[in-house]
Amino acid sequence: MKYSFDEIIERRGTDAYKYMNLKMVCGRDDVLPMWVADMDFATPPFVMNAIQKRCDQRVLGYTCSTDRYRASIVGWCKNHYGWEVLPEHITYIPGVVAGIYLAMQAFTEKGDKILIQDPVYHPFRIVPEGNERQIVWNRLVRNEETFGMDLDALRNDIKGCKMMILCNPHNPAGVCWSRETLEQVAHICSEEGVIVVSDEIHCDMIFGERRHIPFASVSDEAKAITITLQAPSKTFNMPGIVCSQAIVPDDSLREKYFDYIERSDMGLGNVFTFSCAEACYSDEGDEWRRQMLEYVNGNIDAFQAGLAAITDKVSIIRPQASFLVFMDCRPLMAELAAGKSDEEAQECLIRFFADKCGLGFNPGNMFGQNGTGYMRVNMGCPRSTIEEALKRIAQGFTTL
């Protein structure tokens, strides 16, 4: 490999969110953090070089998006997803969650219904609820390998909704939705006049031979109702650089959404955004991305095999995308928390992994009630961290 991902980088004392907020997540701050969705790998050198080049200018002033920036996104979408977008379809947004908020404000009113599919990334719930929208839960269904959509339930649940927030690929389960599924979702939403905001931030972290399918690309129905949100920030480990984009092919949808962003003064970006994105969406960026995914896939292999050797009470949903793993702890929870409520039972899992194993994971019910009994674990770390986590889990199970 050209790049090494084994280096341990000390992040304590750097105001890193994953350390500063450990106590909030698992009640103590002396555990190994494997929760928040940034990676412990060094940010790629081509990103650091882009930042240094800006710093060498010695004035960190207002900085505009460029034709180069939009062209890099257009080329990336074509080469990696076979999706033809035009430069004018693209605008900067100050984060994917901010993009969801902006779409919600532009197209819905207080009291309107917004559908989400749990378990799912928790801001999908927090942002609408915090802005007086009604959440409609469309529960995903656990099958033998992962989670899937209940399309019959979706047809019923979507009635009366103004918007659906789709996670494609899915966080936390790591599902790459099939073209057939996406086509059916588009048809259902189109028939009901529902706008779809598709969070595709994990789209460049697909394992194996699969290829990401942008929701807006699957049909004319999808194209007419979709706001796609992307970012290089997760893939290239630079979430601290607020660097995201919205892609809206439909003219009327784009005009209203882009106009709202402009009127809200949210489309300017920052001095590092555009040059960092250009660096990522390049041949050099693609090489780093492929090597990172190979390494992370090895981490998942090691974690899955290690868990199987320790216990049959915990297993993982093998992700098709992303460095995040949804760990199925329902058999362990049944042993630890017989007779307790779902919330109490999930707290028993948090306490087991924090107090007995010294590990900080995201609790599954953070992603909705349908996530009760699961924990989300970050695989974007040096292999030695995976080995240490397995050692601690093995020690924890000796206490049962």
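Let me sum up the structure you'll find in this document. Nothing here was measured: the structure is a model prediction, and the numbers come from that model.

### Considering the overall build of the protein
Broken down by element type, the protein carries 15 helices and 15 strands. Computed over its C-alpha atoms, the radius of gyration of the protein comes to 21 Å, within 12% of the 21 Å expected for a compact globule of 400 residues. With respect to the principal axes defined by its C-alpha atoms, the protein has extents near 60 × 55 × 35 Å. By the burial criterion, 57% of the 400 residues in the protein qualify as buried. Taking as baseline every contact in the protein between residues at least 6 positions apart, the subset at least 24 positions apart corresponds to 74%. Carbon and sulfur atoms provide 46% of the accessible area of the protein, an area that totals close to 17,000 Å². Distance between charge centroids for the protein: 3 Å, based on 41 positive and 55 negative side chains.

### Looking at the sheet that holds strand 10 (residues 244–247)
Spatial ordering of the open sheet is given by 2-10-9-8-7-3-4, a layout of seven strands whose pairing is mixed. Bordering the open sheet on either side are strand 2 (90–93) and strand 4 (134–137), each of which pairs with just one other strand. Strand-to-strand twist across the sheet, computed as the mean angle between neighbouring axes with direction ignored, equals 25°. By the bridge criterion, three bridges tie strand 9 (residues 226–230) to strand 10 in an arrangement that is antiparallel. By the bridge assignment, Thr228 is partnered in strand 10 with Ile247. Along the sheet face, helix 10 (residues 251–263) touches strand 2, strand 8 (195–199), strand 9 and strand 10 and points at about 30° away from the line of strand 2.

### Here's the deal with the sheet that holds strand 15 (residues 374–378)
Read from one edge to the other, the open sheet built from four strands follows the order 11-12-15-14, with strand pairing classed as antiparallel. Two strands in the sheet have a free side with no partner beyond their single neighbour: strand 11 (315–317) and strand 14 (362–363). In this sheet, strand 15 lies alongside strand 14 in antiparallel orientation, the contact comprising two bridges. Note that in strand 15 the partner of Pro363 across the bridge is Met375. The strands that helix 12 (residues 283–310) touches are strand 11, strand 12 (324–328) and strand 15; relative to strand 11, the one it contacts most, it runs at about 145°. Each of strand 12, strand 14 and strand 15 is contacted by helix 14 (residues 342–356), which is oriented at about 40° to strand 15, the strand it contacts most.

### Comments concerning helix 4 (residues 67–81)
Taking 1.5 Å of rise per residue, the 15 residues of helix 4 would be expected to cover 21 Å, and the 21 Å separating its terminal C-alpha atoms lies within 8% of that figure. Residues of helix 4 that are buried include every one of Tyr69, Arg70, Ser72, Ile73, Trp76, Cys77, His80 and Tyr81, and no others. One face of helix 4 carries all of its buried residues, which in axial projection span an arc of 155°. Residues of helix 4 that are exposed and angled more than 90 degrees away from the buried face: Asp67, Arg68 and Asn79. Among the structural elements, strand 2, strand 9, strand 10, helix 11 (273–280) and helix 12 are those in contact with the buried residues of helix 4.

### Notes on the packing of helix 4 against helix 11
When two helices pack together, their arrangement is given by the angle between the helix axes and by the axis-to-axis distance. At a closest axis distance of 9 Å, the pairing of helix 4 and helix 11 adopts a crossing angle of 30°. Between helix 4 and helix 11, the angle falls in the class roughly parallel. Read as a crossing pair, helix 4 and helix 11 show a hand that is left-handed. Of helix 11, the residues touching helix 4 (which contributes Arg68, Tyr69, Ser72 and Trp76) are Phe274, Ala277, Glu278 and Cys280. Taken together, the residues of the contact of helix 4 with helix 11 break down into five nonpolar, one polar and two charged.

### Topic: the packing of helix 5 (residues 96–107) against helix 10
Between helix 5 and helix 10, the shortest axis-to-axis distance is 9 Å and the interhelical angle comes to 110°. Taken together, helix 5 and helix 10 sit at an angle that is classed as roughly perpendicular. Here helix 5 runs over helix 10; the crossing is right-handed. Contacts from Gly99, Leu102, Ala103, Gln105, Ala106 and Phe107 in helix 5 reach Leu253, Lys256, Tyr257, Tyr260 and Ile261 in helix 10.

### A closer look at the pairing of strand 10
The alternating pattern of strand 10 places Ser244 and Ala246 and Gln245 and Ile247 on opposite faces, both of which are buried. Two strands pair when backbone bridges link them, and strand 2 and strand 10 are joined in this way by four bridges, in the antiparallel orientation. Along strand 10, the bridge assignment pairs Tyr92 with Gln245.

### Regarding the pattern of salt bridges
Evaluation of the coordinates by the stated rule reveals 25 salt bridges. For Arg68, the salt bridge identified is with Glu278, shortest N-O distance 3.2 Å. With Arg68 in helix 4 and Glu278 in helix 11, this pair connects stretches of sequence that are 210 residues apart. Residue Arg68 is classed as exposed on the basis of its relative accessible area, which comes to 52%. With a shortest N-O distance of 2.9 Å, Arg142 and Asp328 are connected by a salt bridge. Linking Arg142 in strand 5 (residues 141–142) with Asp328 in strand 12, this pair joins segments that are 186 residues apart in sequence. Asp328 sits in the buried class, given a relative accessible area of 6%.

### Here we look at the side chain of Thr108
Tracing the sequence through the fold places Thr108 in the loop between helix 5 and strand 3 (113–116). Using a relative accessible area of 1% as the deciding quantity, one classes Thr108 as buried. At a separation of 2.6 Å, a polar atom in the side chain of Thr108 contacts the main-chain carbonyl oxygen of Met104. Apart from the residues within four sequence positions on either side, Thr108 is in contact with Ala103, Ile114, Arg133, Lys162 and Met163.

The rules behind the values
Counting from 1, residues in each chain are numbered in the order their sequence is written. Given that the model is predicted, a residue must reach a pLDDT of at least 70 before its local features are reported, and side-chain atom pairs must reach 80 or more before they are shown or counted; all residues, however, enter totals for whole chains, interfaces and linings. Each side-chain value is worked out from all heavy atoms of the structure, with water and hydrogens disregarded. The helix and strand labels rest on DSSP assignments: H or I over at least four residues marks a helix, E over at least two residues marks a strand, and numbering proceeds from the N terminus. Only the C-alpha atoms count toward the radius of gyration. The rule for a globule is 2.2 Å times the residue count to the power 0.38. Summary of the burial criterion: residues with accessible area below 20% of their type's maximum are buried, those above 50% are exposed, and those between are partly exposed, where the area comes from a 1.4 Å probe applied to protein chains only. It only takes one pair of heavy atoms within 4.5 Å for two residues to be counted as in contact. Reported accessibility uses the Shrake-Rupley method at a 1.4 Å probe radius. Residues are deemed covered only where the shown protein chains occlude them. All tallies of charge rest on Lys and Arg as positive and Asp and Glu as negative; His and the ends of each chain are not included. Taken as the charge centre is NZ of Lys, CZ of Arg, CG of Asp or CD of Glu, depending on the residue. One bridge is not enough; two strands pair if DSSP finds at least two bridges between them. To define axes, lines are fitted to C-alpha atoms, for helices over the stretch in contact only, and angles between the resulting N-to-C directions are given on a 0 to 180 degree scale. A helix's residues, less one, multiplied by 1.5 Å, set its expected span. Directions are taken from the helix axis to each C-beta atom, and the arc is the one they span. Throughout this description, any angle smaller than 35 degrees is read as roughly parallel, any larger than 145 degrees as roughly antiparallel, any in the 65 to 115 degree range as roughly perpendicular, and the remainder as oblique. We call a crossing left-handed when the near helix sits turned anticlockwise from the far one by less than a right angle, and right-handed when that turn is clockwise. Note on residue classes: Ala, Val, Leu, Ile, Met, Phe, Trp, Tyr, Cys and Pro are nonpolar, Asp, Glu, Lys and Arg are charged, and everything else, Gly too, is polar. Throughout this description, the term salt bridge denotes a Lys or Arg side-chain nitrogen within 4 Å of a carboxyl oxygen of Asp or Glu. In protein, a polar contact means a hydrogen-donor-capable atom and an acceptor-capable atom, both N or O and within 3.5 Å, with residues adjacent in sequence counting only if both atoms are side-chain atoms; elsewhere, any N or O pair within 3.5 Å suffices.

Worth remembering: the numbers are spatial, not functional.
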